[in-house]
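# Chain and residue survey
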Amino acid sequence: YKRITTKSLIEMKSHGEKISMLTAYDYTMAKIVDTAGVDVILVGDSASNVMAGHETTLPITLDQMIYHASSVVRAVERGLVVVDLPFGSYQSDPKEALRSAIRIMKESGGHAVKLEGGKEIKESIKKILNAGIPVMGHLGLTPQSIYKFGTYSVRAKEDEEAEKLIEDAKMLEKIGCFAIVLEKIPADLAQKVAESISIPVIGIGAGGGVDGQVLVIHDMLGMNNEFSPRFLRRYLNLYEEMTKAIGQYAADVKSKNFPSEKEQY
Ligand code: KIV
Ligand code: NA
């Protein structure tokens with residue numbers, strides 16, 4: 001295998017090869033995701049929801065993101081590991097943003113960072129890029145701003161927000177981001193963005209006209225049966241499978257079916 005780099009992703013876009021991306025937050029899952037051949041492994045701040053059980057992504061800390069990222073990095077041999085900068089670790093000023101990005105790179109061994117937002121955080125992104133740290137942008141539904149939006153509904157349906165999104169995407173390309181995530185926006189708009197810039201656009205709930213797709217691993221494996229947005233394709237129903245298996249184990253212990261003669265010393 002050849003290690004995936006930010007350059008490989010840009011090459012994939014230029015010859016029309018779609019990019020696959022999934023989240024992972026721990027060693028065991030990251031090993032599976034990497035072995036299966038996923039190109040980009042995102043240590044998302046969605047860990048705040050799926051790992052820690054918070055309602056939003058806001059509470060997760062930089063230290064917690066570094067813990068998740070370092071576990072993932074130890075497992076991954078091929079994929080590009082991108083790590084989310086969590087809420088509060090980059091919004092106050094560019095120096096703080098750079099310090100946070102440096103901590104992620106040094107303490108986790110991740111390969112790139114992702115930040116939510118456009119022109120509001122332009123100077124912070126430039127500062128991080130100047131230090132030689134690759135940056136992935138994230139526009140559209142940006143969950144760290146959920147209390148500003150009020151809901152998790154589709155973004156940029158109005159012209160004004162769509163115009164700003166296109167401008168932000170062009171700006172992110174111009175200052176040197178290697179890719180952009182577009183979350184939950186109309187497919188036509190996402191395709192228009194992907195066609196107007198040369199860096200890859202990875203969508204989640206952004207249709208098929210972009211350069212790649214990302215999903216949260218727990219969602220696509222069906223480990224979580226409460227979350228069912230239209231964009232989510234479930235490849236397994238692990239919630240049911242695991243509940244069955246674990247229920248069987250508990251019943252076997254009660255009935256003294258486990259352990260058997262062969263399962264003891
Ligand atoms: O945190 C996350 O999982 C993400 C993806 C949904 C893009 O940012
Ligand atoms: Na995220």
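None of the values given here were measured: they were computed from a predicted structure. Once a new chain begins, its residue numbering starts again from 1 and follows that chain's sequence as written. By the order in which they are written, chains take letters starting at A while ligands take numbers starting at 1. pLDDT decides what is reported in this predicted model: residues at 70 or higher carry local features, side-chain atom pairs at 80 or more are listed and counted, and totals for whole chains, interfaces and linings draw on all residues regardless.

### Notes on the site of ligand 1
Every residue close to ligand 1 is listed here: Thr23, Leu42, Gly44, Asp45, Ser46, Asp84, Val181, Glu183, Ile204, Val214 and Val216. Residues are sorted three ways: Asp, Glu, Lys and Arg are charged, Ala, Val, Leu, Ile, Met, Phe, Trp, Tyr, Cys and Pro are nonpolar, and all the rest, Gly among them, are polar. Its residues assigned to classes, the shell around ligand 1 comprises five nonpolar, three polar and three charged. A molecule or strand has a residue near it when that residue's C-beta atom, placed from backbone coordinates, lies within 6 Å of it.

### Quick word on the pairing of strand E8 (residues 212–215)
Counting other C-beta atoms within 10 Å of a residue's C-beta gives its exposure: the residue is buried at 20 or more, exposed at 12 or fewer, and partly exposed in between, where C-beta atoms are placed from the backbone. Only runs of H or I of at least four residues qualify as helices and only runs of E of at least two qualify as strands under DSSP, and these elements are numbered from the N terminus. Where burial is concerned, the two faces of E8 agree: the one with Gly212 and Val214 and the one with Gln213 and Leu215 are both buried. DSSP-based pairing: two strands are paired if at least 2 bridges between them are found. Two elements, strand E1 (residues 19–23) and E8, share four bridges in a ladder whose sense is parallel. In the strand pairing of E8, Ser20 is matched with Gln213. Bridge count between strand E7 (residues 201–204) and E8: two bridges; the pairing is parallel. Looking at the pairing, Gly203 lines up with Gln213 of E8.

### Regarding the domain arrangement of the chain
Split into domains, the chain comes out as domain 1 (6–234) and domain 2 (237–265). Domain start and stop points were drawn from an automatic or database domain assignment. The distance between the C-alpha centroids of domain 1 and domain 2 comes to 38 Å.

### A closer look at the environment of Ala131
As for its position among the elements, Ala131 is in the loop between helix H6 (122–130) and strand E5 (135–140). Take Ala131: there are 11 C-beta atoms within 10 Å of it, and that puts it in the exposed class. Residues Ala131 and Gln264 lie 133 residues apart in sequence; the distance between their C-alpha atoms is 56 Å. Each residue is represented by a C-beta atom placed from its backbone, and any two residues with such atoms within 7 Å are regarded as in contact. Non-local contacts of Ala131, meaning those with residues more than four positions away in its chain, are made with Leu98 and Ile102.

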